[in-house]
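Descriptive structure summary
What follows is the residue order along each chain.
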Amino acid sequence: MSRALAHAANWFGIVCLAGAVTTMLALAFYLPEARFLIAAGTLLPMGALLVALSVRRTVTLSLCYLLVGGFCTFVYAFTLLSNPASFPSTNLFIVALPKMALVMVGGAGSGALLGVMWTTAGLVIAELATMAAAVLAGSQLRADVTTIVTYVLLVAVLLFDGLTRRTARIAQPVMHLAAREDRTLELRRELELRAAAQLHDTALSELILIAESEPGPLDDRLVAQIGREITALTDRDWLVGERHNERESLVASAAAGSSAWRASAVAVAVDDARARGLTVRLSGDPDAVRGLDPSVDRAVGQALGQCFINILRHAGVTEADVSIVVAPEDLTVIVVDDGIGFDVSTRLTDEPDAGRADHAPFGESANATPPQGIGLRHSVRGRIEAHGGNVEIWSRPGVGTSVMISVPWALRTDSVSAEFGR
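Residues numbered from 1 in each chain as written. Predicted model: local features only at pLDDT ≥ 70, side-chain atom pairs only at ≥ 80, totals over all residues. Heavy atoms only, no water.

Considering the overall build of the protein chain
Counting secondary structure elements, the protein chain contains 15 helices and 5 strands. Buried positions account for 41% of the 422 residues belonging to the protein chain. Taking contacts inside the protein chain between residues at least 6 apart in sequence as the whole, the part at least 24 apart equals 71%. Total accessible area computed for the protein chain in this model is approximately 21,700 Å², and 64% of it derives from carbon and sulfur atoms. (Helix = DSSP H or I, 4+ residues; strand = E, 2+ residues; numbered from the N terminus. Buried < 20%, exposed > 50% of the residue type's maximum accessible area, 1.4 Å probe, protein only. Contact = heavy atoms within 4.5 Å. Areas by Shrake-Rupley, 256 points an atom, 1.4 Å probe, with all protein chains shown as cover.)

Have a look at this one:
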């Protein structure tokens, strides 16, 4: 606001001085007298100081502008008033042009109170210079309404700017505090969702696999998987999102001589599902995952892994179809199974009844199958939406389930990772 006011004042003053110079040149053209050209030349230093004042405002430049401007105004007014037939008094608009430019010294980038003081000083000096010129020229002294109105308007604008600036200074800390608290709540909510998804994907998933395994020693692949999940829980990679977890580091180290598909987290999810006994049939363009940002690739891989776990636990089948579809703006992964399905309207809500249904015992009918609400809400949908993607789920009891995961090629900055990474 202050800069805009300063620019407006500078341009107003420059236009007034240009009008005064043009007036003198026009008089010199119609009345070929040297005094008009001298008066026009006298205004040039005043214009140069106003330009310098707009670039860098200092007390020295302001004082020089007032003193030089006062002298220029005197010469200009005396030259005009010396011709009483054409310019009989001091209240003419043409006489007021350099005076208005001198008043503008207060609007050239200063504070409210200082601006009013400089403006008042400019008005006083301009009026004194005009009065002196009128006395020497023997002209009539009359109130200059134009200059007074200009002064009043500029003072009103300066005072209004100072008042609003003070109000803004009072309100700004409150606004910043409210925005910060809102941001903190948003980050806390996103962190809680991420923590719930991580816990569901690791500890709860492995505990269920242990409970469902045959009595006796655990399978070596299951033991290795549990070890990786424990490492992921004790590390902070899932929180800050800046480094790959252990599994992804192993994949990256082995990716030098492999295809883009084998180096992706999506391929790791497919391999883990196959190791757990799920037959996964791939179609589409698997190598397209190489175009994803690493963090998006990790999110898709983790979401896909959760879909496979849900199929093994709840669908009652051991086969799934995965199709990877490429579009100009996004990549879509579709997971389809022919299992028992579920009611999407009741299993994917956040209502208390749906939450209690998560604890239904295994082995009941299709309508009472342990719901996939927590995993699908947090581990799939929440994780993908955090990266700017979306998830669509279609299912009905008895007809299977289809999950469509779409993510953009361009990564949206992960706010939680950025904040907690610092």
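A look at the pattern of salt bridges
This model, assessed by the stated rule, comprises 5 salt bridges. Among the ionic pairs, Lys99 bridges to Glu127, the shortest N-O distance being 3.2 Å. One end of the pair, Lys99, is in helix 4 (residues 93–103); the other, Glu127, is in helix 5 (residues 112–137), with 28 residues separating them in the sequence. Classification of Lys99 by relative accessible area gives buried; the value is 1%. You can call Glu127 partly exposed: its relative accessible area is 22%. Of the charged contacts, one joins Asp321 and Arg281 as a salt bridge, the two residues approaching to 2.7 Å between their closest N and O atoms. Separated by 40 residues along the polypeptide, Asp321 in strand 2 (residues 319–326) and Arg281 in strand 1 (residues 279–284) bring together distant segments of the chain. In this structure, a network of salt bridges that share partners links the residues Lys99, Glu127 and Asp144. (Salt bridge = Lys/Arg side-chain N within 4 Å of Asp/Glu carboxyl O.)

Comments concerning the pairing of strand 5 (residues 400–408)
Both strand 3 (residues 330–337) and strand 5 contribute to a ladder of 8 bridges, which runs antiparallel. Note that in strand 5 the partner of Val336 across the bridge is Ser402. In textbook terms, the turn of a hairpin is the stretch between consecutive antiparallel strands, and for strand 4 (residues 390–396) and strand 5 this stretch comprises 3 residues, one of which, Gly398, has a positive phi near 95°. (Pairing = 2+ DSSP bridges.)

Here's the deal with the packing of helix 3 (residues 59–81) against helix 5
Axis angle and axis distance: for two packed helices, these are the angle between their axes and the distance between the axes, and together they describe the pair. For the pair helix 3 and helix 5, the least separation of the axes is 8 Å and the interaxial angle reads 30°. Compared by their axis directions, helix 3 and helix 5 come out roughly parallel. Crossing of helix 3 over helix 5 shows right-handed handedness. Seen from helix 3, the contacting residues are Val59, Ser62, Leu63, Leu66, Gly70, Thr73, Phe74, Ala77, Phe78 and Leu81; seen from helix 5, they are Trp118, Ala121, Gly122, Ile125, Ala126, Ala129, Thr130, Ala132, Ala133, Ala134, Leu136 and Ala137. (Axes fitted to C-alpha atoms, helices over the stretch in contact; angles between N-to-C directions. Parallel < 35°, antiparallel > 145°, perpendicular 65-115°, else oblique. Left-handed = near helix turned anticlockwise from the far one by under 90°.)

Some thoughts on the environment of Cys72
When you line up the elements, Cys72 lands in helix 3. On the basis of relative accessibility, which here comes to 1%, the residue Cys72 falls in the buried class. C-alpha of Cys72 to C-alpha of Pro45: the two residues are 27 residues apart in sequence and 8.4 Å apart in space.

Description of a nonpolar patch on the surface
A cluster of nonpolar side chains, namely Val124, Leu128, Met131, Val135 and Leu141, defines an oily patch on the protein surface of about 470 Å² accessible area. With a relative accessible area of 42%, Val124 lands in the partly exposed category. (Patch = residues over 30% accessible without salt bridge, like charges linked within 9 Å, V, L, I, M, F, W, Y side chains within 5 Å.)

Comments concerning the packing of helix 3 against helix 4
At a minimum axis distance of 9 Å, the contact between helix 3 and helix 4 shows a crossing angle of 180°. By the angle between their axes, helix 3 is roughly antiparallel relative to helix 4. Residues Tyr65, Leu66, Gly69, Gly70, Thr73, Tyr76, Ala77 and Leu80 of helix 3 touch helix 4, and the partners they reach there are Ile94, Val95, Leu97, Pro98, Lys99, Ala101 and Leu102. For the contact of helix 3 with helix 4, the class distribution of residues is 11 nonpolar, 3 polar and 1 charged. (Nonpolar A, V, L, I, M, F, W, Y, C, P; charged D, E, K, R; others polar.)

Focus: helix 4
What sets the pattern is the α-helix's 3.6 residues per turn: residues three or four places apart point alike. With 9 of its 11 residues buried, helix 4 lies for the most part within the structure. Of the positions making up helix 4, those classed as buried are Val95, Ala96, Leu97, Pro98, Lys99, Met100, Ala101, Leu102 and Val103.

Let's talk about the packing of aromatic side chains
By the definition in use, this model includes 2 aromatic pairs. Ring plane angle 85° and centroid distance 5.3 Å describe the contact between Phe29 and Tyr30, whose orientation is recorded as edge-to-face. Each member of the pair Phe29 and Tyr30 is classed as exposed. Measuring from centroid to centroid gives 6.1 Å for Phe74 and Phe78, while their planes differ by 20°, and the two rings are stacked. A residue pair is termed a helical-turn pair when its members lie 3 or 4 positions apart in one helix, as Phe74 and Phe78 do in helix 3 at 4 residues. (Phe/Tyr/Trp six-rings, centres within 6.5 Å; stacked < 30°, edge-to-face > 60°.)

Quick word on the nonpolar core
By size, the foremost hydrophobic cluster in this structure holds 35 residues, and its most contacted members are Leu304, Phe308, Leu331, Ile384, Ile405 and Val407. Counting residues per element, the ones that place at least two in this core are helix 10 (265–275), helix 11 (294–315), strand 2, strand 3, helix 14 (373–385), strand 4 and strand 5. Here the element with the most residues in this core is helix 11; it accounts for 9 residues. Contact partners of Phe308, with chain neighbours within four places excluded, come to Ala269, Val270, Ala273, Leu278, Val280, Val322 and Val335. (Core = buried A, V, L, I, M, F, W, Y, C linked by side-chain atoms within 4.5 Å.)

Purely spatial values, then, with no claim about function.
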